Amino acid sequence: MGKKLCGTNYPLSIAFIVVNEFCERFSYYGMRAVLTLYFVNYLHWDRDLSTAIYHAFTSLCYFTPVLGALIADSWLGKFKTIIYLSIVYVIGHVVKSVGAIPTVGDTSMHIALSMVGLILIAFGTGGIKPCVAAFGGDQFEPEQTRKFFSIFYMAINAGSVLSMIVTPILRGDVKCFGDDCYALAFGVPAVLMVAALVVFISGSGMYKKVPPEGNILMDVCKCIGFAIKNRFRSSKHDVKRKHWLDWAEEKYSKRLIQEIKMVLRVLTLYLPLPMFWALFDQQGSRWTLQATRMNMAMVRVYLSAIRMLNALLILIFVPIFDFIIYPLVGLCRVNITMTKWWQTFIYLSHIHQLFPGRYPSVKCEAPTGVFSNLDLGLLDFGASYTFILKKVSRFEDVMANNVNIAWQIPQYVLITVGEVMFSVTGLEFSYSQAPANMKSVLQAGWLLTVAFGNVIVLIVAEGGGLEQWAEFVLFACLLVAVCIIFSIMAYFYTYVDPSQLDKLYQQDAAKGESEDELKMTEKMTKL
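Residues numbered from 1 in each chain as written. Predicted model: local features only at pLDDT ≥ 70, side-chain atom pairs only at ≥ 80, totals over all residues. Heavy atoms only, no water.

(A) Quick look at the overall build of the chain. Summing up its helical and strand segments, the chain has 18 helices and 8 strands in all. In the chain, buried positions account for 51% of the 527 residues. When contacts within the chain are restricted to residue pairs at least 6 apart in sequence, long-range pairs at least 24 apart make up 76% of them. In the structure as shown, the chain presents an accessible area of about 25,000 Å², 65% of it carried by carbon and sulfur atoms. (Helix = DSSP H or I, 4+ residues; strand = E, 2+ residues; numbered from the N terminus. Buried < 20%, exposed > 50% of the residue type's maximum accessible area, 1.4 Å probe, protein only. Contact = heavy atoms within 4.5 Å. Areas by Shrake-Rupley, 256 points an atom, 1.4 Å probe, with all protein chains shown as cover.)

(B) Inspection of the pattern of salt bridges at higher detail. This model, assessed by the stated rule, comprises 5 salt bridges. As a salt-bridge pair, Glu 24 and Arg 25 come within 2.7 Å of each other at their nearest N and O atoms. By relative accessible area, which is 3% here, Glu 24 ends up buried. The class of Arg 25 is buried, set by a relative accessible area of 2%. The residue Asp 138 makes a salt bridge to Lys 78 at a minimum N-O spacing of 3.0 Å. Within this pair, whereas Asp 138 is found in helix 6 (residues 107–138), its partner Lys 78 is found in helix 5 (residues 78–99), the two being separated by 60 residues in sequence. (Salt bridge = Lys/Arg side-chain N within 4 Å of Asp/Glu carboxyl O.)

(C) Seen up close, a nonpolar patch on the surface. On the surface, Val 480, Ile 484, Ile 488, Tyr 491 and Phe 492 cluster together to form a nonpolar patch covering roughly 580 Å² of accessible area. Positionally, Tyr 491 belongs in helix 17 (residues 468–491). (Patch = residues over 30% accessible without salt bridge, like charges linked within 9 Å, V, L, I, M, F, W, Y side chains within 5 Å.)

(D) Structural detail: the packing of helix 1 (residues 13–33) against helix 8 (residues 182–202). Two elements in contact, helix 1 and helix 8, have axes whose closest approach is 8 Å; the angle formed by their N-to-C orientations is 165 degrees. When the axis of helix 1 is compared with that of helix 8, the two are roughly antiparallel. For the crossing formed where helix 1 meets helix 8, the hand is left-handed. For the pair helix 1 and helix 8, the contacting residues are Phe 16, Ile 17, Val 19, Asn 20, Cys 23, Glu 24, Phe 26, Ser 27, Gly 30 and Met 31 in the first and Phe 186, Val 188, Pro 189, Leu 192, Met 193, Ala 195, Ala 196, Leu 197, Val 199, Phe 200 and Ser 202 in the second. Grouping the amino acids of the contact of helix 1 with helix 8 by side-chain chemistry returns 16 nonpolar, 4 polar and 1 charged. (Axes fitted to C-alpha atoms, helices over the stretch in contact; angles between N-to-C directions. Parallel < 35°, antiparallel > 145°, perpendicular 65-115°, else oblique. Left-handed = near helix turned anticlockwise from the far one by under 90°. Nonpolar A, V, L, I, M, F, W, Y, C, P; charged D, E, K, R; others polar.)

(E) Spotlight on the state of the cysteines. If you walk through the whole model with that rule in mind, you get 1 disulfide. Shown here is the disulfide that connects Cys 176 with Cys 181, its sulfur atoms set 2.0 Å apart. Since a negative S-S torsion denotes a left-handed disulfide, the Cys 176-Cys 181 link at about 110 degrees is right-handed. As far as burial versus exposure is concerned, Cys 176 and Cys 181 are alike and both buried. (Disulfide = S-S within 2.5 Å.)

(F) Quick peek at the nonpolar core. Ranked by size, the top nonpolar core spans 108 residues in total, and within it Leu 35, Tyr 38 and Phe 57 carry the most contacts. Every residue in contact with Phe 57, bar those within four places of it in the chain, is listed here: Tyr 28, Met 31, Arg 32, Leu 35, Leu 118, Ile 121 and Ala 122. Ala 278, Val 457, Phe 475 and Val 482 belong to the second largest nonpolar core, which has 8 residues in total. (Core = buried A, V, L, I, M, F, W, Y, C linked by side-chain atoms within 4.5 Å.)

(G) Region of interest: the side chain of Thr 58. Mapped onto the fold, Thr 58 is located in helix 3 (residues 47–63). Residue class for Thr 58 comes out buried when judged on its relative accessible area of 0%. A distance of 2.9 Å separates a polar side-chain atom of Thr 58 from the backbone oxygen of Tyr 54. Discounting residues that sit within four places of it in the chain, Thr 58 has contacts with Tyr 28, Arg 32, Asp 281 and Asn 454. (Polar contact = N/O pair within 3.5 Å; in protein donor to acceptor, adjacent residues only side chain to side chain.)

(H) Seen up close, the packing of aromatic side chains. In total, this model carries 27 aromatic pairs according to the counting rule given. With a centroid separation of 5.7 Å and an interplanar angle of 65 degrees, the aromatic rings of Tyr 270 and Trp 446 are classed as edge-to-face. Taken together, the positions of Tyr 270 in helix 10 (residues 254–270) and Trp 446 in helix 16 (residues 439–464) put the pair 176 residues apart, joining distant regions of the chain. Here Tyr 270 and Trp 446 have matching classes, each one buried. Between Trp 277 and Phe 422, the ring centres sit 5.4 Å apart and the planes meet at 70 degrees, which makes this aromatic pair edge-to-face. Placement of Trp 277 in helix 11 (residues 274–280) and of Phe 422 in helix 15 (residues 408–432) is noted, with a sequence separation of 145 residues between them. Like Trp 277, the residue Phe 422 is buried in the burial classification. Taken together through their ring pairs, the aromatic side chains of Tyr 38, Phe 39, Tyr 42, Trp 45, Tyr 182 and Phe 186 make up a single cluster. It is Lys 96 that lies over the ring of Tyr 38; its NZ or CZ is 3.7 Å from the centre. (Phe/Tyr/Trp six-rings, centres within 6.5 Å; stacked < 30°, edge-to-face > 60°. Lys NZ or Arg CZ within 6 Å of the ring centre and 35° of its normal.)

(I) Representation of a positive patch on the surface within the structure. A contiguous patch of positive charge on the surface is contributed by Lys 222, Lys 229, Arg 233 and Lys 251. Among the structural elements, Arg 233 can be located in helix 9 (residues 216–233). (Lys, Arg positive; Asp, Glu negative; His and termini not counted. Charge placed at Lys NZ, Arg CZ, Asp CG, Glu CD.)

(J) Looking closely at unusual backbone geometry. At His 44, a residue that is not glycine, the phi angle is positive and equals roughly 60 degrees. Checked against the element boundaries, His 44 lands in the loop between helix 2 (35–42) and helix 3.

(K) Inspection of the environment of Asp 138 at higher detail. Since its relative accessible area comes to 10%, Asp 138 is described here as buried. The residues contacting Asp 138, other than those within four sequence positions of it, are Lys 78, Lys 208, Val 210, Tyr 431 and Lys 439. Within the structure, the side chain of Asp 138 is placed 3.0 Å from the side chain of Lys 78, a separation counted as a polar contact.

Here it is, written out as structure tokens:
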């Protein structure tokens, strides 16, 4: 029996994994919290290009988990994969921070370093994503996995909350090189990633390490290819098969075929899910830009810190759902499966405005003289003004925005409630429905839904040419359609227990060995 965490039935090793995840998520979300503003204000890109690059980066972060899962399940194992790709992650953060130092080269150099840094970060964070979740699940007994994934998700969002408070302050309040200190805002997350790596390595002796079982993904691809080839080569006289994968039985084991069927059924269920993430990840692009155009007269906050609302609300809602809502549903004897929790998707309202400021004493230097103590009154950002200095007259060329940023709070509350039911359940579902040798692969499949969600935003932002309000309406309508489709798919999904698969094939193997021994005994008797 391994050591237990004080006061709980959890293995002590989980403390190192949770702290590692906290630091890593601080690192990632801290960098990402100021990324869009860095593109707009530092690199001077327009809003559409900034949105496109932001979502291209986020999408790459969620495509690379397939690579990490392949390396972990087929070659290095989860533990070594996490360590090696974390080193790549750290290097990416360092390069990104150097790219934000004004004295290092010109704009082209800053862009080049930023892109190289972001690519390395994407490979690092994406590569370890499926491994950390699955590695943490390996430390627990099957009945404890729901609690683990709740704790794991709370660690993610605790790191996110803290990072979204700290990095905007480092960017805005600390000045370096005469301007906002993006180099420091990106440098602190790099330090946290180093801490994450050190903490994870410190718990090495306590982890339960499941060894890799060969190139399982390659075996899966070959088996699928062989089944398709055999299916099309078959004649009318061949025996009918219940499933098209059964055509691979001539070459591959029944167990592998059954495991592939399990994985494909789950991946099919994932097909509608990217639309949720298409809306969710706009918090870092469209919603941040939306906040810069809203009125902050009553609620003074940092523009990038408004996004911490989501992570903060998750820390509140996860315990509420775990200790109140889910138990109450259980007491009512209502059988709500994991797929049914997913069916709560989010319908969002979007409002665009900006914040005001009062300018009672302004000094202006003009060719005709210096004008001091000019009272310009209350100026609203989002508006455009013309001032005639001789008479100090003011004309409002463009009407000011006056919708308060507090109106963003309901949309954050709604999307957070949906995320708690959707994401925590999705992580647990991906782990529980995966065969033992494909857990990282299926975790990667879950993360791919996030990648494709960001691709959808990228296409709409760059190719749609829609007004912002029309774009939001489009996403809301698409999500309604997807929710209906997913509800139908989830209704027909049948749950499986991978552990029963192990027992079944162990019994078959034992039976086969007994039959072989019996035949050998009969032969010896005849002799």
